[in-house]
Amino acid sequence: MGHLSNRNIIIGVSGGIAAYKAAELVRLLRREGAIVRVIMSRGALAFITPLSMQALSGNPVHTELLDEDAEMGMGHIELARWADMLILAPATADVIARLAQGRADDLLTTVALATTAPLYVAPAMNQNMWLNPATATNIATLTERGITVVGPIAGDQACGDNGPGRLLEPVEMLAAITNRLPARPLGGKRVVITAGPTREALDPVRYLSNHSSGKMGFALAGAAAEAGAEVVLITGPVALESPDHISRVDVESAQEMLAAVMDAVSSGTDIFIAAAAVADYRPISVEAQKIKKTESELSLALVRNPDILKTVANATNRPPLVIGFAAETHQVAQHANLKLVTKSLDAIVANDVSRSDIGFNSDYNAVALFTALGSEITLEGSKRVVAESLIAAFTEMLESKATNIMGTTNG
Ligand code: CTP
């Protein structure tokens, strides 16, 4: 997988002879794993056809701001929200001027104004237009606003001039963009995470469950995706929105969760994280009809559920890193370390759930990470911050495991 795997990128093409180079840029971005959508200005249509851009990007091309059909598919605000990055290449002097003024008089400038994603501008124009103080002022305005300007370069121009104003070559544009991206230490790695509670049905209307909110597992999924991993999040019923760029599998019972997990890890997984609060027991049988009340006591017979974490840790295709969670009220370190050993884990994240300020529904967490190699680190903060630190720790563990394995085979 490439540097840009699963990133949503919009290429905005405006009208200039260099528009054909945008086609090559689309091809390179897709080769790096990006999902690309193309917006073409009306001027761009005179230089390159939407059909070529559609074929190269694999998505319909967007051209009009007020087109009923297009707005029904993916409207301008949806496009602006969808994008992780907007690259205007080539950007003409006119588009640059309109961006500098904050105008929104076509689809391209509207999306540029409406998005909160990073904006890259690759200018291309005649050297005199580039050197004109009006353009220089507009470029300075864009740069001050945090927009990244890549290029132009000097050279032969289509109009016969020789000077600055040539669009940066697509490979150089790609390098300029990827160099500015934050590091993706889990790029090319696959992470499977369980989250939330499970529901164990008693009859068609009742179930046994627990108070898990799923927040920690979802935060881990978001942090792992941010670190570049391909993430599969297998979750019990929760009221949470999925983080960006993950695949989500919704399940109800522990048995369904186990089946989904085994399916997900079967295609090769680097890290498995069990953050779900899986019910240890389920009713021995599920009544086909609603259980009616009587005057006498009601006893429930329960049977053990499969231990998903232990099953993955002992599977023949065991992921290199298997991580568990332990919610404890007392003797946290002892109980967590016992689970680490009995479940054959690489590490366990322990929560002290006797504390009232952290735990199931809180956005805040304080955890201790115990590893099979005997190290212990404590982390505290919002669930997102804790999740980012945990993912960084798991990344390091995965790297050192890979180095050790290579050391063993070589030595
Ligand atoms: N787990 C699992 N499948 C189960 C039960 C637990 O995958 N059927 C995982 C949880 O996701 C968590 C860890 O195992 O990562 C928790 O271990 P467990 O021993 O089940 O913790 P508790 O249920 O808290 O155990 P106990 O009640 O014995 O403290």
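Conventions we followed
- Residues numbered from 1 in each chain as written.
- Predicted model: local features only at pLDDT ≥ 70, side-chain atom pairs only at ≥ 80, totals over all residues.
- Heavy atoms only, no water.
- Near = heavy atom within 4 Å.
- Polar contact = N/O pair within 3.5 Å; in protein donor to acceptor, adjacent residues only side chain to side chain.
- Areas by Shrake-Rupley, 256 points an atom, 1.4 Å probe, with all protein chains shown as cover.
- Buried < 20%, exposed > 50% of the residue type's maximum accessible area, 1.4 Å probe, protein only.
- Helix = DSSP H or I, 4+ residues; strand = E, 2+ residues; numbered from the N terminus.
- Pairing = 2+ DSSP bridges.
- Domains from an automatic or database assignment.

(A) Spotlight on the site of the ligand. Taken together, 13 residues surround the ligand, and among them Ala274, Ala276, Pro306, Leu309 and Phe325 come closest. Ala274 is positioned with one of its backbone polar atoms (N or O) 2.6 Å from an oxygen atom of the ligand. The backbone of Phe325 places a nitrogen or oxygen atom 2.8 Å from an oxygen atom of the ligand. Across the complex, the protein chains shield 73% of the 580 Å² of accessible surface that the ligand would expose by itself.

(B) Examining the pairing of strand β4 (residues 119–123) more closely. With respect to burial, β4 is a largely interior element, five of its five residues being buried. The side-chain alternation of β4 yields two buried faces, one formed by Leu119, Val121 and Pro123 and the other by Tyr120 and Ala122. Bridge analysis of β4 against strand β5 (residues 148–149) gives two bridges, and the strand direction is parallel. Residue pairing in the sheet places Val121 in a bridge with Val149 of β5.

(C) Structural context of unusual backbone geometry. That bond from Ala89 to Pro90 is cis: its omega, -5 degrees, falls within 30 degrees of zero. When you line up the elements, Pro90 lands in strand β3 (residues 85–91). With omega at 0 degrees, the peptide bond leading from Gly151 into Pro152 counts as cis. Position of Pro152 among the secondary structure elements: in the loop between β5 and β6 (153–156). A positive phi angle is found at Gln331, which is not glycine, with a value near 40 degrees. Of note, the phi angle at Ser344 is positive, near 55 degrees, even though the residue is not glycine. The residue Ser344 is located in the loop between α13 (332–342) and β17 (347–352) in this model.

(D) The domain arrangement of the chain, seen in detail. Per the domain assignment, the segments of the chain are domain 1 (8–178) and domain 2 (190–281 + 301–410). Centre-to-centre separation of domain 1 and domain 2, based on C-alpha positions: 42 Å.

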